[in-house]
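# Observations on the three-dimensional arrangement
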Amino acid sequence: MTTRTLPDLFTWLEHARLAGDVHYDERQRSWLVLGHPEVTSVLGDPHRFSSDLGDLLPRQEDLELFRRGNFVQMDPPRHDSLRRLVSRAFTPRVVAGLAPRITAVTEELLDEVADARRFDLVDDLAYPLPVIVIAELLGIPAEDRPVFRRWADALFERPEIGPDDPLTRMMDDQRVRAVAPVLREMNEYLLRHVRARRAAPGDDLTSGLVHAEADGEQLDDEEIIGFVGLLLLAGHITTTATLGNTVATLDQHPDAAAALRADPALLPDAIEEVLRLRTPFPRLARRASTDTVVGGVTVPEGDVVVAWLAAANRDARVFADPARFDIRRTPNPHLTFGHGIHFCIGAPLARLEARIAMELLLRRYRTIAVDTESAVFRNPWVMLAPTKLPVEVTPA
Ligand code: HEM
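One structure accompanies this document, and this report is about it.

Definitions and cut-offs
- Counting starts from 1 at the beginning of each chain's written sequence and moves along it residue by residue.
- In keeping with the predicted nature of the model, local features appear solely for residues at pLDDT of at least 70, side-chain atom pairs appear and are counted solely at 80 or more, and the whole-chain, interface and lining totals rest on all residues.
- Side-chain figures throughout are based on the complete set of non-hydrogen atoms in the structure, without hydrogens or water.
- Secondary structure elements follow DSSP: runs of H or I no shorter than four residues count as helices, runs of E no shorter than two count as strands, and numbering proceeds from the N terminus.
- To get the radius of gyration, use the C-alpha atoms; to get the globule rule, take the number of residues to the power 0.38 and multiply by 2.2 Å.
- By definition in these notes, contact holds between two residues if any of their heavy atoms fall within 4.5 Å.
- Only protein chains enter the calculation, and the probe is 1.4 Å; a residue is then buried if its accessible area is under 20% of its type maximum, exposed if over 50%, and partly exposed in between.
- Put simply, two rings from Phe, Tyr or Trp (the six-membered ring, in Trp's case) pair if the centres are within 6.5 Å, and we call them stacked under 30 degrees between planes, edge-to-face over 60, tilted for the rest.
- Residue proximity to a molecule or strand is established when one non-hydrogen atom of the residue lies within 4 Å of it.
- Each polar contact in these results corresponds to two N or O atoms within 3.5 Å; when the atoms are within protein, one needs to be able to donate a hydrogen and the other to accept it, and residues that are neighboring in sequence are counted only if both atoms are side-chain atoms.
- Put simply, Ala, Val, Leu, Ile, Met, Phe, Trp, Tyr, Cys and Pro go in the nonpolar bin, Asp, Glu, Lys and Arg in the charged bin, and everything else, Gly too, in the polar bin.
- Two strands form a pair only when DSSP identifies at least two bridges running between them.
- Here, the arc refers to the directions that run from the helix axis to the C-beta atoms.

## A closer look at the overall build of the chain
Across its full length, the chain holds 17 helices and 14 strands. In terms of overall dimensions, the chain is globule-like: its C-alpha atoms have a radius of gyration of 21 Å, near the 21 Å expected for 396 residues. Here the C-alpha coordinates of the chain stretch approximately 60 × 60 × 40 Å along the principal axes. Within the chain, contacts between residues separated by at least 24 positions form 73% of all contacts whose residues are at least 6 apart in sequence.

Structure representation (structure tokens):
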């Protein structure tokens, strides 16, 4: 559990909603956007709501270097040029071709704990599976994953962040100073990787980026760092979260678990419902580029706007009985992967990994019981994800 007692995120969000689907929060010094149509409208208009919050971040060389090719924090046209360089690698059709490899990796990981009646679902499956898959796509040694885990923990482990904090506190002066050594290690590691691929290209995405052109120019090595770093981190932390969240949710809903064992074809919809209720990234930040109206409220130019995906996903105007876990919920237009030009490029991959892993887990084990006393979750204000999920299993 988190080290400081914070209000329950969802109770707080429901309370906040009473002040309006769009309203200013003095403590967070930002506009909170909580409704589904309002979040959709913010994310859908990059011209009014910019993803570049660089002006609000401290000037620090390691951070700036990492941000150079990090296209999730860019606006058009540069965002679109960079995203296009990799979008073809992540279409549902191309990703479907990865199914045999994802299955083989899952089988190998489960074979390693085959004799155990108790193992850690995060350490033994939910963490290594997506890291191995994305590292292989990028041509990065998957054995270095303990290092990647240390980076992700350093960046996302923020037990103190809560309703009293502006989102920009995630990366204020003090924080950047504290994580600078990690950012530097990450940049240096990725730079070595990019240079090695430039010298000896392989059949991987990094080698493709080394030769790719955006707006008629080749990317330089330092731009590729942020690009590859974004794919490496975004490509696993949230999928790890989703696998852990799925097992934890099914543990609380044995009827749903039984229905999925009986009919695994229900798994894709069940995973969508976990994604809706346990949104790994609960909120996204934007900045108003101009005075603009959203949900009938005027937001002044330059203000920070926080799109609460976790609240939009429980908007009763869109989801009947929104807090209920319903594995047959259709349609399920959750916003967990975002919306608009930044819509998650890895959604097809994350969905495929989650489906294959859950299918194999349910096939191998007749029961999977979470040891809730020993489970550890990240601070949900930062990310909804277990970091330790010990399970006791009975083979099928
Ligand atoms: C963007 C969530 C898995 C790569 C996003 C965004 C969200 C998100 C909410 C939008 C950010 C914004 O608008 O500011 C998730 C969740 C995942 C997941 C919940 C798993 C369940 C993945 C995977 C990859 C990936 C597996 C690996 C390829 C990216 C990239 C972007 C992105 C590169 C930036 C896209 C852009 O700016 O155009 N993701 N993601 N994500 N995601 Fe994911």
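Don't stop here, the text continues.
## Considering the side chain of Glu273
Tracing the chain through its elements places Glu273 in helix H15 (residues 267–277). Residue classification places Glu273 among the buried residues on the basis of a relative accessible area of 0%. Leave out the neighbours within four places in its chain, and Glu273 touches Arg324, Phe325, Asp326, Ile327, Arg329 and Asn332.

## So, the packing of aromatic side chains
Considering all chains together, one arrives at eleven aromatic pairs under this definition. Ring plane angle 45° and centroid distance 5.9 Å describe the contact between Phe119 and Tyr365, whose orientation is recorded as tilted. Pair noted here: Phe119 is in strand E4 (residues 118–120) and Tyr365 is in strand E11 (residues 365–370), with a separation of 246 residues, a long-range link. In this structure Tyr365 comes out as buried when scored by relative accessible area, which is 3%. Relative to Tyr189, the ring of Phe148 has its centre 5.7 Å away and its plane inclined at 85°; by these criteria the two rings are edge-to-face.

## What about the site of the ligand?
With respect to spatial proximity, 27 residues lie near the ligand, and among them His79, Arg83, Arg286, His342 and Cys344 are the closest. Between the ligand and His79 there is a distance of 2.6 Å, counted from an oxygen atom to a side-chain nitrogen or oxygen. A distance of 2.7 Å is found between an oxygen atom of the ligand and a side-chain nitrogen or oxygen belonging to Arg286. Only helix H4 (78–87), helix H12 (221–234), helix H13 (237–252) and strand E7 (283–288) provide two or more residues apiece to the shell around the ligand. By residue class, the composition of the shell around the ligand is 16 nonpolar, nine polar and two charged.

## What about the sheet that holds strand E1 (residues 22–25)?
By way of backbone hydrogen bonds, the strands of a sheet pair with one another, either parallel or antiparallel. Reading across the sheet, the five strands line up as E1-E2-E10-E7-E3 and stay open at both edges, with mixed pairing between neighbours. For this open sheet the edge positions go to E1 and strand E3 (49–50), each flanked by a neighbour on one side alone. Here E1 runs beside strand E2 (residues 30–33); their pairing, made up of four bridges, is antiparallel. Bridge pairing in E2 links Asp25 to Ser30.

## Things to note about helix H14 (residues 254–262)
Looking only at H14, the buried set comprises Ala256, Ala257, Ala259 and Leu260. Down the axis of H14, the smallest arc covering the buried residues is 160°, so these residues share one side. Exposed residues lying more than 90 degrees from the buried face of H14 are Pro254, Asp255 and Ala262.

## Section: the environment of Arg198
One can find Arg198 in helix H10 (residues 173–199). You can call Arg198 partly exposed: its relative accessible area is 30%. In this structure, the C-alpha to C-alpha distance between Arg198 and Leu109, residues 89 residues apart in sequence, is 32 Å. Beyond its immediate stretch of four places on either side in the chain, Arg198 contacts Val210, Gln218, Leu219, Asp220, Asp221 and Ile224.

## Points about the environment of Arg317
Here Arg317 is to be found in the loop between helix H16 (309–312) and helix H17 (347–364). Expressed as a C-alpha distance, the spacing of Arg317 and Pro37, which sit 280 residues apart in the sequence, is 9.2 Å. Sequence-distant contacts of Arg317, that is, excluding residues within four places in its chain, are made with Asp21, Gly35, His36, Pro37 and Glu38. In terms of polar contacts, Arg317 uses its side chain to reach the side chain of Asp21, at 3.2 Å. Within the local environment of Arg317, its side chain forms a polar contact with the side chain of Asp315, the two groups lying 2.7 Å apart.

## Quick look at unusual backbone geometry
Following Pro76, the chain continues into Pro77 via a peptide bond in cis, with omega recorded as 5°. Among the secondary structure elements, Pro77 is positioned in the loop between helix H3 (61–67) and H4. Note that the residue after Thr330, namely Pro331, is joined by a cis bond; omega there is -10°. If you trace the backbone, Pro331 turns up in the loop between H16 and H17. Residues other than glycine seldom take positive phi values, yet Arg29 does so here, at roughly 45°. Among the secondary structure elements, Arg29 is positioned in the loop between E1 and E2. Under the relative-accessibility criterion, Arg29 is labelled exposed at 54%. The backbone phi angle of Asp215 is positive, close to 55°, even though this residue is not glycine. Relative to the helices and strands, Asp215 is located in the loop between strand E5 (213–214) and strand E6 (217–218).

By themselves, these are just geometric observations and shouldn't be taken as functional.
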